[in-house]
Amino acid sequence: QVGGQGNLKIVGISLLSLISRQRAVGAFSSAPKFGVRASTARFMSSGPMPYDDDKMPFYALGTNLAMQVGGQGNLKIVGISLLSLISRQRAVGAFSSAPKFGVRASTARFMSSGPMPYDDDKMPFYALGTNLAMQVGGQGNLKTLLEEDEMDIVLEAFTETMRGTAAADSREVLMKYGQGLNQILQERTANIVERVKKDGEEFITNFLDCNEEATKTDSGLVYYPMVEGEGEQPTASDTVEVHYHGTLTDGTVFDSSVDRGETIKFPLNGVIKGWQEGLAMMKEGGKATLVIPSDLAYGDQGSGEAIPPGATLKFEVELFKVVK
């Protein structure tokens, strides 16, 4: 819809390139030249912009999102405000595209949710808005980059564009302020990734200081044996059966087979580099903590809603079986 599998999620500095490559009509520098030329007269005669130039890039973001969602207005909502739908969404994951662990981990929260905001005949439209918001913003990724008043402007532009009530021509907004938006997002995203990486480095230093038996390999992986195993030691070509509990450096659990109550099997050469190296240091029956810097995990891209760009990951792993 908005971005397929999270095309507009803030991952590293990818939003800069992702937005500029969008094929929707009037989407920044990718707008067809004939579309720009054909619309010049209308651009010049458009109404006044709703905000000063320093705020208009955020209005352009909302406009661009709406044009990608609705094209020529195909998804204009009648009788229900997308503004309220987006601003009130809080769930994790998006329908079938949500990672299985996200669905399972969130079941209790879903079950304990408050009453639905609309009757059943209106809730499918609320569900549409919720899905769009999760595709765009995921687990608050846009909130990380935008101030509250800036987010309000994005939502205002999105709603006005979807309803066809915007005073300014949508393509003029994008052509005039799109590049400024790209620059803002690039700068802010780069700062966020660097901060996350620095937090990870500090976490690793502290972990090593607090755990004398922990070692740091040449690659940067931190390996801390908790229980020494006595069985087979896996190689990259093996399949392993494990239990694991994964957290961010702030303790947030992003995935856990332990919490799900079932082990998992997978080929060792099909997982992140930190796992490949760390599991190869273990034996059947062993348990260890792996602290994995971002370049051995998911890098500047992160992974879905759960793992931010540049994140250092901490896993407690128990190796049950090695299948040769």
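Residues numbered from 1 in each chain as written. Predicted model: local features only at pLDDT ≥ 70, side-chain atom pairs only at ≥ 80, totals over all residues. Heavy atoms only, no water.

**What about the environment of D149?**
Let me state the cut-off plainly: The helix and strand labels rest on DSSP assignments: H or I over at least four residues marks a helix, E over at least two residues marks a strand, and numbering proceeds from the N terminus. We call a residue buried when its accessible area falls under 20% of the maximum for its residue type, exposed when it is over 50%, and partly exposed in between, using a 1.4 Å probe and counting protein chains only.
Within the fold, D149 resides in helix α10 (residues 148-163). Exposure remark for D149: the relative accessible area of 37% places this residue in the partly exposed category. As a C-alpha pair, D149 and K55 span 94 residues in sequence and 9.4 Å in three-dimensional space.

**What about the nonpolar core?**
The condition is simple: Here, nonpolar core refers to any group of buried Ala, Val, Leu, Ile, Met, Phe, Trp, Tyr and Cys residues whose side-chain atoms link them within 4.5 Å.
Within the largest apolar cluster, 30 residues are counted, with the highest numbers of intra-cluster contacts made by L61 and V173. The set of elements that each furnish at least two residues to this core consists of α4 (56-70), α8 (123-137), α9 (141-145), α10 and α11 (170-210). Here this core takes nine residues from α4, the largest share from any one element. One finds L221, Y223, F266 and V317 within the second-largest nonpolar core, a separate group that totals 25 residues.

**Description of the pairing of strand β4 (residues 253-256)**
Where we set the bar: Any two strands are treated as partners once DSSP identifies two or more bridges connecting them.
Bridge count for strand β3 (residues 239-248) against β4 is three bridges, and the pairing is antiparallel. Each residue of the ladder has a partner; that of G246, found in β4, is D255. If you look at the hairpin formed by β3 and β4, you'll find four residues sitting between the two strands, and G251 has a positive phi there, around 95°.

**Side note on the side chain of T63**
To keep things clear, this is the line we draw: Whether two residues are in contact is decided by their heavy atoms: any pair within 4.5 Å suffices.
For T63, the position within the fold is in helix α4. Sequence-distant contacts of T63, defined by excluding residues within four places in its chain, comprise A157, F158, T161, S170, V173 and L174.

**Comments concerning the packing of aromatic side chains**
Note the threshold: Here a Phe, Tyr or Trp ring, Trp counted by its six-membered ring, pairs with any other such ring whose centre lies within 6.5 Å, and the pair is stacked when the planes are under 30 degrees apart, edge-to-face when over 60, and tilted otherwise.
A full pass over the atoms with the stated rule returns nine aromatic pairs. Ring geometry for W275 against F315: centres 5.2 Å apart, planes inclined by 85°, an arrangement best described as edge-to-face. Of this pair, W275 sits in helix α13 (residues 273-279) while F315 sits in strand β7 (residues 313-323), placing them 40 residues apart in sequence. Residue classification places W275 among the buried residues on the basis of a relative accessible area of 5%.

**Focus: the confidence of the model for the chain**
To keep it simple, the criterion reads: pLDDT expresses how confident the predictor is about each individual residue, on a scale running from 0 to 100.
When pLDDT is averaged along the chain, the result is 76, and 70% of the positions lie at 70 or above. Long-range and interchain partners of residues 76-112, a stretch whose pLDDT sits below 50, account for 63 contacts in this model, where long-range means more than four residues apart.

**Quick word on the pairing of strand β2 (residues 222-227)**
In this sheet, β2 lies alongside strand β1 (residues 215-216) in antiparallel orientation, the contact comprising two bridges. Considered in β2, the bridge of T215 is made with Y223. As consecutive antiparallel partners, β1 and β2 are separated by five residues, and within that stretch G220 has a phi angle of approximately 110°, a positive value. By the bridge criterion, five bridges tie β2 to strand β6 (residues 287-292) in an arrangement that is antiparallel. Residue pairing in the sheet places Y224 in a bridge with T289 of β6.

**Side note on α11**
Operational definition: A helix is expected to reach a length of 1.5 Å times the quantity of its residues less one. Two axes enter the bend calculation: one fitted to the seven residues ending at the residue in question, the other to the seven starting there, and the bend is the angle between them. What qualifies as a polar contact is a pair of N or O atoms within 3.5 Å, subject to a donor-acceptor requirement within protein and to the restriction that residues adjacent in sequence count only when both atoms come from side chains.
Between its terminal C-alpha atoms α11 stretches 56 Å, which fits the 60 Å expected from 41 residues at 1.5 Å a residue. A maximum bend of about 50° is found in α11 at Y177. The opening residue of α11 is D169, an N-cap whose side-chain oxygen sits 2.9 Å from the backbone nitrogen of R171.

**A short note on α10**
Taking 1.5 Å as the rise per residue, α10 with 16 residues should run 22 Å; its terminal C-alpha atoms sit 23 Å apart, in good agreement. Every buried residue belonging to α10 is among E150, M151, I153, V154, L155, A157, F158, T159, T161 and M162, and all of these are buried. Positive backbone phi, at 75°, marks G164, one or two positions downstream of α10.

**A short note on a negative patch on the surface**
For the record, the criterion: Nonpolar side chains (Val, Leu, Ile, Met, Phe, Trp, Tyr) within 5 Å and like charges within 9 Å form the patches, drawn only from residues with over 30% relative accessible area and no salt bridge. Here the accessible surface of atoms and residues is derived via Shrake-Rupley with a 1.4 Å probe, and residues count as covered only by protein chains that are part of the display. Salt bridges are identified by distance alone: a Lys or Arg side-chain nitrogen within 4 Å of an Asp or Glu carboxyl oxygen. Residues scored as positive are Lys and Arg, those scored as negative are Asp and Glu, and His as well as the terminal groups of each chain are ignored. Throughout, a charge is located at the NZ atom of Lys, the CZ atom of Arg, the CG atom of Asp or the CD atom of Glu.
Judged by side-chain charge, E194, D199, E201 and E202 come together as a negatively charged surface patch. Inspection of the secondary structure puts D199 in helix α11. Relative accessible area serves as the criterion here: at 39%, D199 is assigned to the partly exposed category.

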